[in-house]
Amino acid sequence: MNLKILLQQKKEHILGRWFSLILETYPPDAANFLKLEKDRFTNPVGYAILAGTATLFDEVIQGTNWDRISSALDSIIRIRAVQDFTPSQAIAFVFLLKNAVRDELKIKDSGYAVKDTAELLEELLQFEAKIDGLASLAFDVYVKCCDDINRIKAGEANAERALANRAMKTMRSTEEE
């Protein structure tokens, strides 16, 4: 039995556990809403987390389509970047996948032969190294999201300043007449 097969067999349970662990990073009321509201339009944050984590899980297992990984990370991190999370909290959800996998696989209690368990543990270490790499990429995505947010805020401030300047010029020209 190899790890990839086990992960695929337990995919729904792992994703459910990962989602629950992520929800624990939110205040109880928000977590309750994110968990209970299933409509993607009423609950776009919950939907983005569910869809993004499913894509990330598949990519960590199957391969490394960096465009899909970046897009999935962006969909989750863009939301967390504007919420009250520190940078480390915003990307910590990636590491929670390790906990979800460990919780669901329970390799030590699985009844596999020692040789099989040793191979599974080696594969698990490799899998967790991929998650660590995913976290590094998540930090890059977080920084880009923050840059985008700051650029938008600066643009809004400049637009407001320009509008105020035009209003002042209009008032001055009206006063001069």
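Our structure's up above, just so we're on the same page.
The rules behind these values
Residues numbered from 1 in each chain as written. Predicted model: local features only at pLDDT ≥ 70, side-chain atom pairs only at ≥ 80, totals over all residues. Heavy atoms only, no water. Helix = DSSP H or I, 4+ residues; strand = E, 2+ residues; numbered from the N terminus. Rg over C-alpha atoms; globule rule 2.2 N^0.38 Å. Buried < 20%, exposed > 50% of the residue type's maximum accessible area, 1.4 Å probe, protein only. Contact = heavy atoms within 4.5 Å. Areas by Shrake-Rupley, 256 points an atom, 1.4 Å probe, with all protein chains shown as cover. Axes fitted to C-alpha atoms, helices over the stretch in contact; angles between N-to-C directions. Parallel < 35°, antiparallel > 145°, perpendicular 65-115°, else oblique. Left-handed = near helix turned anticlockwise from the far one by under 90°. Nonpolar A, V, L, I, M, F, W, Y, C, P; charged D, E, K, R; others polar. Salt bridge = Lys/Arg side-chain N within 4 Å of Asp/Glu carboxyl O.

## Concerning the overall build of the chain
Here is step 1 of the chain: Summing up its helical and strand segments, the chain has 7 helices and 0 strands in all.
Here is step 2 of the chain: Moving toward the C terminus, one meets the helices and strands of the chain in the order α-α-α-α-α-α-α.
Here is step 3 of the chain: Since a compact globule built from 177 residues should have a radius of gyration of about 16 Å, the 23 Å found for the chain marks it as more spread out than a globular shape.
Here is step 4 of the chain: Each of the three principal axes of the chain carries a C-alpha extent, and together these read 95 × 30 × 25 Å.
Here is step 5 of the chain: Taking all 177 residues of the chain together, the buried fraction comes to 34%.
Here is step 6 of the chain: Sequence separation of at least 24 residues holds for 73% of the intrachain contacts in the chain that already meet a minimum separation of 6.
Here is step 7 of the chain: Accessible surface computed for the chain: about 10,800 Å², of which carbon and sulfur atoms make up 55%.

## What to know about the packing of helix α2 (residues 11-23) against helix α4 (residues 44-62)
Here is step 1 of the chain: Where α2 meets α4, the closest approach of the two axes is 10 Å, and the angle between their N-to-C directions is 130 degrees. The orientation of α2 relative to α4 falls into the category oblique. Relative to α4, α2 is oriented so that their crossing is right-handed. Residues K11, I14, L15, W18, F19 and I22 of α2 form the contact with α4, whose participating residues are G46, I49, L50, T53, A54, L56, F57 and D58.
Here is step 2 of the chain: In terms of residue class, the contact of α2 with α4 is built from 10 nonpolar, 2 polar and 2 charged.

## Observations regarding the pattern of salt bridges
Here is step 1 of the chain: Applying the stated rule across the entire model yields 9 salt bridges.
Here is step 2 of the chain: Between D132 and K98 there is a salt bridge, with its nearest N and O atoms 2.6 Å apart. Taken together, the positions of D132 in helix α7 (residues 114-176) and K98 in helix α6 (residues 87-105) put the pair 34 residues apart, joining distant regions of the chain.
Here is step 3 of the chain: Beyond isolated ion pairs, a larger network of salt bridges with shared partners links D74, R78, K144, D148 and R151.

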